[in-house]
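Chains, contacts and geometry: an overview
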Amino acid sequence: MQQIIVDISISPDEWIKLYQGVATDVRTTSRDGRSVRFPGRILSRFYLRDGIQGSFRILFDDSGKFVSIERL
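Notes on the structure follow. Note that the structure is predicted; figures quoted are calculated from it, not measured.

**A closer look at the pattern of salt bridges**
Pairing is possible between side chains that carry opposite charge, provided their charged atoms lie close to one another. Per the stated rule, a full pass over the model turns up four salt bridges. In this structure, the salt-bridge partner of D32 is R34, at a minimum N-O distance of 3.0 Å.

**Some words on the sheet that holds strand 4 (residues 52-60)**
The strand order across the open sheet formed by three strands is 1-4-5, and the pairing between neighbours is antiparallel. Looking at strand neighbours, the two that pair on one side only are strand 1 (2-10) and strand 5 (66-71), the edges of this open sheet. Ignoring which end each strand starts from, the neighbouring axes of this sheet average 25° apart. The pairing of strand 1 with strand 4 spans nine bridges and is antiparallel. The partner of I10 across the bridge, within strand 4, is I52. Each of strand 1 and strand 4 is contacted by helix 1 (residues 12-20), which is oriented at about 120° to strand 1, the strand it contacts most.

**What to know about the packing of aromatic side chains**
The final tally for this structure, using the stated rule, is two aromatic pairs. Ring geometry for W15 and Y47: centres 5.7 Å apart, planes at 20°, overall stacked. With a gap of 32 residues between them, W15 in helix 1 and Y47 in the loop between strand 3 (35-39) and strand 4 connect regions that are remote in the sequence. Using a relative accessible area of 7% as the deciding quantity, one classes W15 as buried. Geometrically, the ring pair formed by F46 and F56 is edge-to-face, given 4.9 Å between the ring centres and 65° between the ring planes. Separated by 10 residues along the polypeptide, F46 in the loop between strand 3 and strand 4 and F56 in strand 4 bring together distant segments of the chain. In this pair, the class of F46 matches that of F56, namely buried.

Parameters at a glance
- Residues numbered from 1 in each chain as written.
- Predicted model: local features only at pLDDT ≥ 70, side-chain atom pairs only at ≥ 80, totals over all residues.
- Heavy atoms only, no water.
- Salt bridge = Lys/Arg side-chain N within 4 Å of Asp/Glu carboxyl O.
- Pairing = 2+ DSSP bridges.
- Helix = DSSP H or I, 4+ residues; strand = E, 2+ residues; numbered from the N terminus.
- Axes fitted to C-alpha atoms, helices over the stretch in contact; angles between N-to-C directions.
- Contact = heavy atoms within 4.5 Å.
- Phe/Tyr/Trp six-rings, centres within 6.5 Å; stacked < 30°, edge-to-face > 60°.
- Buried < 20%, exposed > 50% of the residue type's maximum accessible area, 1.4 Å probe, protein only.

Set out below in structure tokens:
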């Protein structure tokens, strides 16, 4: 199993675009410098009134399929 760690800051307005399907993917850079793109829906449970802020560990299998995400 592989993992990446990302620092994310998504405002409430940006989240609405993801939630409504106007945008579907989040693009960011992992702490080790890799460019990362993943479905925004995996962040749903972390949404708060001020959006989504924080560091997250994303686990994926050897074929690159999402397994889980956790807030650090």
